[in-house]
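Chain by chain, the residues run as shown.
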Number of protein chains: 2
Amino acid sequence: MAGLGSNDKALRARAEAVIPGGMYGHQSVALLPDDYPQYFARAEGARMWDVDGRGYLDFMCAYGPNLFGYGHPEINAAFVRQMETADALTGPTARMVELAEAFVGMVSHADWAMFCKNGTDATSMAMVVARAHTRRKTIVLAKGAYHGSAPWCTPRPAGVTAEDRAHQIFCSYNDIASLEEAVAKAGDDLAAIFAAPFKHDAFIDQSLPDAAYARRARELCDQTGALLVVDDVRAGLRVARDCSWSTVGVKPDLSTWGKCIANGHPISALLGSEIARGAASHVFVTGSYWFQAAPMAAALTTLRLVRETDYLERIERLGARLRTGLHERASAAGFSLRQTGPVTMPLFLFDDDPDMRKGFAWSSAMLQRGIYVHPWHNMFLCAAMTDGDIDETLNAAEGAFKHLKGVAGGLGPVEKLAFLTA
Amino acid sequence: MAGLGSNDKALRARAEAVIPGGMYGHQSVALLPDDYPQYFARAEGARMWDVDGRGYLDFMCAYGPNLFGYGHPEINAAFVRQMETADALTGPTARMVELAEAFVGMVSHADWAMFCKNGTDATSMAMVVARAHTRRKTIVLAKGAYHGSAPWCTPRPAGVTAEDRAHQIFCSYNDIASLEEAVAKAGDDLAAIFAAPFKHDAFIDQSLPDAAYARRARELCDQTGALLVVDDVRAGLRVARDCSWSTVGVKPDLSTWGKCIANGHPISALLGSEIARGAASHVFVTGSYWFQAAPMAAALTTLRLVRETDYLERIERLGARLRTGLHERASAAGFSLRQTGPVTMPLFLFDDDPDMRKGFAWSSAMLQRGIYVHPWHNMFLCAAMTDGDIDETLNAAEGAFKHLKGVAGGLGPVEKLAFLTA
């Protein structure tokens, strides 16, 4: 099996000197197989090339932002046209109003919009708006759900204080009794129930939302006056052309958006219904680049493509083909692969693989065959993918399962994931 | 005096329906004179045009991001070239390592860099890194200093809990005794002293840093093992080609950067010295767009222009001309104008103007003459400004002072700023 390329190695050595730990955040490959490249040089459509010239069909899609293909000509043209006219100025442009109107027209619960940069900006604003609206403090969240990397929500709490996590009560996703228990525990202080649109925690199987759970969350908010928040930063636009919980018939009061809403250009959003407008107008939230017009122009074009093309049906069909085809090839090689979550945002985990040695070996084998998959984080399909790409992926998978069958008996534990089984 | 244009009015009416309160954050004109336009359509160099076609010489420079001129051809070309090759991907590009090297080479205290999007991301990361490094909680800050709009620091705390502000002790900027008192109060729990590079609070006179105060902050950190943080998000690169406290001979352990480091393209940074590297490598901070390559390419070009041109000496000379010229013209008209802060980031306040009626009337008169000034927030010069622009500004100021002299006796209080005198 090929190792890292020399350009990647050289960049890692330089980074070791000037970036703490060599890399940080979700794009660090520290918890990926050793042969995963850290640095990339080029991308187009559904493909990217690392700094050593190796090309991959990319099932991470930049961890979500790539919805219509890297370097999408129409979206990027809208971006550049706006950037050359007016981008980060002393005030907003008309694009901001147009984009708020576009979201309000598209997302059924939304009566207003506020724009920001990070997904975490939007989730933090949702928390603050809910607290301002209710004049209460407690938020109920599902244990293990990712809502960003601010002190109140980062999954690895080095440097975080107990107070940063005050007024948080946790329930289990899709477990109505635990939700009711958490709400009861909040008593008369419940400000909001936060919900991921589906359970997309890392390292474990994903779960689609149970409609009864979603309806109960809505009821509990209606009964207590708390706000229901759906955090659609990761899943938005890959499940529905509306808030993702529209698929289970439940409207939140607030929803948070980011990642792919401008096909990778930096913008996120908090959308809200009428009830929360007053509170939203009283909080002070801002950022130097939040009023930038170019990402808004890119978002306007992205949302038009969302409305006017069959991108969603297309990636759903490709995702279904991928799921069926992988199941067949895994079974044929004697493996049981659990494929969970929406077909457009799949996660693959092997049965009987608690320390992920099979997952790591298979993912590496896929990488060697030009397919970039992630062994423990949900993946993302994009509308630039084709049936030919799925064929290529399934052929690669056949080879990778065969390879895994040959080496499986001799695999050692994955040391960097030892915490999973500790 | 002309009122708002019809396009601006129409956009405000539409925004009223889809944006809470019509606008939010620092670019809302709610606390500016009524004739200040909310929406802009175009910008180039040091000038911008509102949606009704009126042009302005812009002394806000997008609240800082515009350092080398709007739409700077060389910086934007670097951005677009990178964007078309590789921007937001499944991993970073070599630009990230190059940019970290560029900052480490340029900022004397820095041994490493981490990149993010908002200024608030960088200040929040500084707080978390200091707490992780010291395993203590308390941070000392100057009262009234702006460090961002997250719950721990937003200046208008609707929706913020007491716990969000836990472990914060306030001192008075440039007041050594109050700093020592705050540090003593922190006892053995001091994690960090935060400092703005100079006092640039809104509504009041600015103050340059007292060298003895800065040195004392350094000493107190050395004695206690706390980290010294200079928040250079707003002032960075307009005071020095290094951290702004290099002008008083003091090196922090952490510094935060943003706004103009990519001339308006969205990127911010936390820089740190060796002592904080370990802690920085253990915190989990990230964002969907933090690894974007195009803003990094723009930052690389911006930093090259910072190193290789006389931009700083040029804006310092223009700022000094502006300060002297304004003083002369104000005096000639019988007004006393307090001009504070660095000449590249001036603030103008009238004597005997507690409710800012003179400031509002004069700023409006400047606006009518095509000069966009801010009545209560520090302004920013950019390297696209020329001696001709300063001449134009001084001519406009002469007319505006004359106008003010005529109307001053009849001015009523500024209702929207009533809180200043309440």
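Reading guide: rules and limits
- Residues numbered from 1 in each chain as written.
- Chains lettered and ligands numbered in written order.
- Predicted model: local features only at pLDDT ≥ 70, side-chain atom pairs only at ≥ 80, totals over all residues.
- Heavy atoms only, no water.
- UniProt positions renumbered as here; feature names shortened; annotations may be inferred.
- Helix = DSSP H or I, 4+ residues; strand = E, 2+ residues; numbered from the N terminus.
- Rg over C-alpha atoms; globule rule 2.2 N^0.38 Å.
- Buried < 20%, exposed > 50% of the residue type's maximum accessible area, 1.4 Å probe, protein only.
- Contact = heavy atoms within 4.5 Å.
- Areas by Shrake-Rupley, 256 points an atom, 1.4 Å probe, with all protein chains shown as cover.
- Lys, Arg positive; Asp, Glu negative; His and termini not counted.
- Charge placed at Lys NZ, Arg CZ, Asp CG, Glu CD.
- Salt bridge = Lys/Arg side-chain N within 4 Å of Asp/Glu carboxyl O.
- Polar contact = N/O pair within 3.5 Å; in protein donor to acceptor, adjacent residues only side chain to side chain.
- Pairing = 2+ DSSP bridges.
- Core = buried A, V, L, I, M, F, W, Y, C linked by side-chain atoms within 4.5 Å.
- Least-squares fit on C-alpha atoms with pLDDT ≥ 70 in both.
- 1 Å grid on protein atoms, 1.4 Å probe; cavity = no way out; pocket = protein on both sides within 12 Å on 5 of 7 lines; lining within 4 Å.
- Points joined across faces, edges and corners; volume = space filled by probe spheres on them.
- Nonpolar A, V, L, I, M, F, W, Y, C, P; charged D, E, K, R; others polar.
- Phe/Tyr/Trp six-rings, centres within 6.5 Å; stacked < 30°, edge-to-face > 60°.
- Lys NZ or Arg CZ within 6 Å of the ring centre and 35° of its normal.
- Arc of directions from axis to C-beta.

Going by what an unreviewed UniProt entry lists, chain A is known as Aminotransferase class III-fold pyridoxal phosphate-dependent enzyme and is assigned to Phenylobacterium montanum. Regarding chain A, the relevant UniProt record gives this comment under Cofactor (unreviewed entry): "pyridoxal 5'-phosphate".

**Re the overall build of chain A**
Of regular secondary structure, chain A possesses eleven helices and 13 strands. By the compact-globule yardstick of 22 Å for 422 residues, chain A fits well, its C-alpha radius of gyration being 22 Å. Projected onto its principal axes, the C-alpha coordinates of chain A cover approximately 60 × 55 × 45 Å. Taken across its 422 residues, chain A has 65% of its residues classed as buried. In chain A, the proportion of contacts linking residues at least 24 apart, taken out of those at least 6 apart, comes to 75%. With an accessible surface of roughly 13700 Å², chain A has 51% of that area assigned to carbon and sulfur atoms. Distance from the positive charge centre (41 side chains) to the negative charge centre (47 side chains) of chain A: 2 Å.

**Concerning the pattern of salt bridges**
This model, assessed by the stated rule, comprises 52 salt bridges over all chains. Within this structure, Arg317, Arg321, Asp387 and Asp391 of chain A form a network of salt bridges that share partners.

**So, the side chain of Thr120 of chain A**
Residues and elements named next belong to chain A. Inspection of the secondary structure assignment puts Thr120 in helix 4 (residues 119-134). Here Thr120 falls in the buried class, since its relative accessible area comes to 14%. A polar side-chain atom of Thr120 sits 3.2 Å from the main-chain amide nitrogen of Ser149. Setting aside residues no more than four positions away along its own chain, Thr120 makes contact with His147, Gly148, Ser149, Ala150 and Cys153.

**Things to note about the sheet that holds strand 1 (residues 40-44) of chain A**
Residues and elements named next belong to chain A. As summarised here, the arrangement of the four strands in space is 1-2-3-13, forming an open sheet in which the pairing is mixed. Of all strands in the sheet, those bounded by a partner on one side alone are strand 1 and strand 13 (371-372). Direction of pairing for strand 1 relative to strand 2 (residues 47-50): antiparallel, over a ladder of four bridges. Residue pairing for strand 2: Arg42 is matched across the bridge by Trp49.

**A look at the nonpolar core**
Core analysis: the largest hydrophobic core is formed by 316 residues, its most contacted members being Phe115, Trp245 and Trp362 of chain A together with Phe115, Trp245 and Trp362 of chain B. Once residues within four sequence positions are removed from consideration, Trp362 of chain A is found in contact with Leu326, Phe348, Phe350, Val373, Ala397, Ala400, Phe401 and Leu404 of chain A.

**Looking at the relation of the copies chain B and chain A**
The transform that puts chain B on chain A rotates by 180 degrees and translates by 0.0 Å along the axis, for an RMSD of 0.0 Å. Such a combination of turn and shift is consistent with a two-fold rotation axis. For chain B, the minimum C-alpha distance to the rotation axis belongs to Glu163 of chain B and amounts to 2.6 Å. Taken together, the interface assignments show that 100% of the residues at the interface of chain B recur at the interface of chain A, consistent with an identical surface on both copies.

**What about empty space enclosed by the protein?**
Overall, the coordinates contain seven cavities of 30 Å³ or more when judged by the stated rule. Surrounding the largest cavity, 34 residues form its lining, Ser124 and Ala150 of chain A together with Ser124, Ala150 and Pro151 of chain B being those nearest its centre. Among the elements of the structure, helix 4 of chain A together with helix 4 (119-134) of chain B are those that each provide at least two residues to the lining of the largest cavity. Of the residues in the lining of the largest cavity, the class split is 19 nonpolar, eleven polar and four charged.

**Things to note about the packing of aromatic side chains**
A complete count under the given rule lists 37 aromatic pairs over all chains for this structure. Consider the rings of Phe68 of chain B and Tyr311 of chain B, whose centres lie 5.2 Å apart with planes at 50 degrees: the pair is tilted. With a gap of 243 residues between them, Phe68 of chain B in the loop between strand 3 (55-58) and helix 2 (73-85) and Tyr311 of chain B in helix 9 (residues 311-332) connect regions that are remote in the sequence. A relative accessible area of 8% places Phe68 of chain B in the buried class. Aromatic side chains Phe350 of chain B and Phe401 of chain B sit 6.1 Å apart centroid to centroid with 65 degrees between the ring planes, which places their arrangement in the edge-to-face category. Here the residue Phe350 of chain B occupies a position in strand 12 (residues 347-350), and Phe401 of chain B occupies one in helix 11 (residues 387-407), the gap between them amounting to 51 residues. Like Phe350 of chain B, the residue Phe401 of chain B is buried in the burial classification. One aromatic cluster is present, formed by Phe335, Phe348, Phe350, Trp362 and Phe401 of chain A through successive ring pairs. For Arg42 of chain A, the ring lying beneath its charged end belongs to Trp49 of chain A, and the centroid distance is 3.9 Å.

**Details of helix 5 (residues 176-186) of chain B**
An α-helical turn contains 3.6 residues, so any two residues separated by three or four positions project in the same direction. Residues and elements named next belong to chain B. Taken together, the buried positions of helix 5 are occupied by Ser178, Leu179, Ala182, Val183 and Ala186. The arc that holds every buried residue of helix 5, seen down its axis, measures 135 degrees, which confines them to one face. Set apart from the buried face of helix 5 by more than 90 degrees, the exposed residues are Glu181, Ala184 and Lys185. Contacts from the buried residues of helix 5 go to strand 5 (138-142), strand 6 (168-171), strand 7 (190-195) and helix 6 (211-224). Between the side-chain oxygen of the N-cap and the backbone nitrogen of Ala177 there are 3.1 Å, and the N-cap of helix 5 in question is Asp175. At the C-terminal side of helix 5, Gly187 shows a positive phi close to 60 degrees.

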